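Summary of structural features
What follows is each chain in one-letter form.
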Amino acid sequence: MRILFVCLGNICRSPAAEGVLRTLAAREAPDLVLAVDSAGTGNYHIGEPPDPRMIRAAGQRGYDLSVLRARQIEHADFSRFDLMLAMDRQNQSDILERASSVQSQQVRLFMEYAPEIGVPEVPDPYYGGPEGFERVLDLVEAASRGLIARLQSS
Ligand code: 4NP
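Reading guide: rules and limits
- Residues numbered from 1 in each chain as written.
- Predicted model: local features only at pLDDT ≥ 70, side-chain atom pairs only at ≥ 80, totals over all residues.
- Heavy atoms only, no water.
- Salt bridge = Lys/Arg side-chain N within 4 Å of Asp/Glu carboxyl O.
- Helix = DSSP H or I, 4+ residues; strand = E, 2+ residues; numbered from the N terminus.
- Buried < 20%, exposed > 50% of the residue type's maximum accessible area, 1.4 Å probe, protein only.
- Polar contact = N/O pair within 3.5 Å; in protein donor to acceptor, adjacent residues only side chain to side chain.

**Examining the pattern of salt bridges**
Applying the stated criterion to the full structure yields 13 salt bridges. Two residues, E18 and R22, come together in a salt bridge whose shortest N-O distance is 2.9 Å. A residue pair is termed a helical-turn pair when its members lie 3 or 4 positions apart in one helix, as E18 and R22 do in helix α1 (residues 13-28) at 4 residues. Relative accessible area serves as the criterion here: at 5%, E18 is assigned to the buried category.

This is the structure we're talking about:
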């Protein structure tokens, strides 16, 4: 299964999701064969490492994001990945604008995998305080566990 996480800048939410899913899957579901990547709908941060606030918050939970580099989503991603998981509805509609009707079926909101939380979107932490980065990690951990459970049962 090949999974692409998508946010706006690819420096906060989607690299966090990439690092969290990769680490939790390796630890809790070592039999799952996953390819995980992330990209942004915007081009502002191409080539940059994740935001230092995200690197620090994720590092404190045992996720190393420091080697990741931002890139922009590209059309080939629709054939490279089985699932494209958007962090918020704006990201989702920006992906869908580039998708054919067949391709649109592989696009979901990531938080659909943690319905028990009752939060449809992972909020953008970029302009807020440190609590926003902890919130992103809480949501991303819950949705990653839900996604792993779904993949294991399918
Ligand atoms: P991300 O957060 O989409 O979670 O990576 C953002 C990063 C940068 C900007 C916005 C959101 N920006 O406007 O530069």
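**Examining the side chain of S38**
Its location among the elements puts S38 in strand β2 (residues 35-40). Side chain to side chain, S38 and N10 meet in a polar contact 2.9 Å long. Within polar-contact distance, the side chain of S38 engages the side chain of E18 at 2.7 Å.

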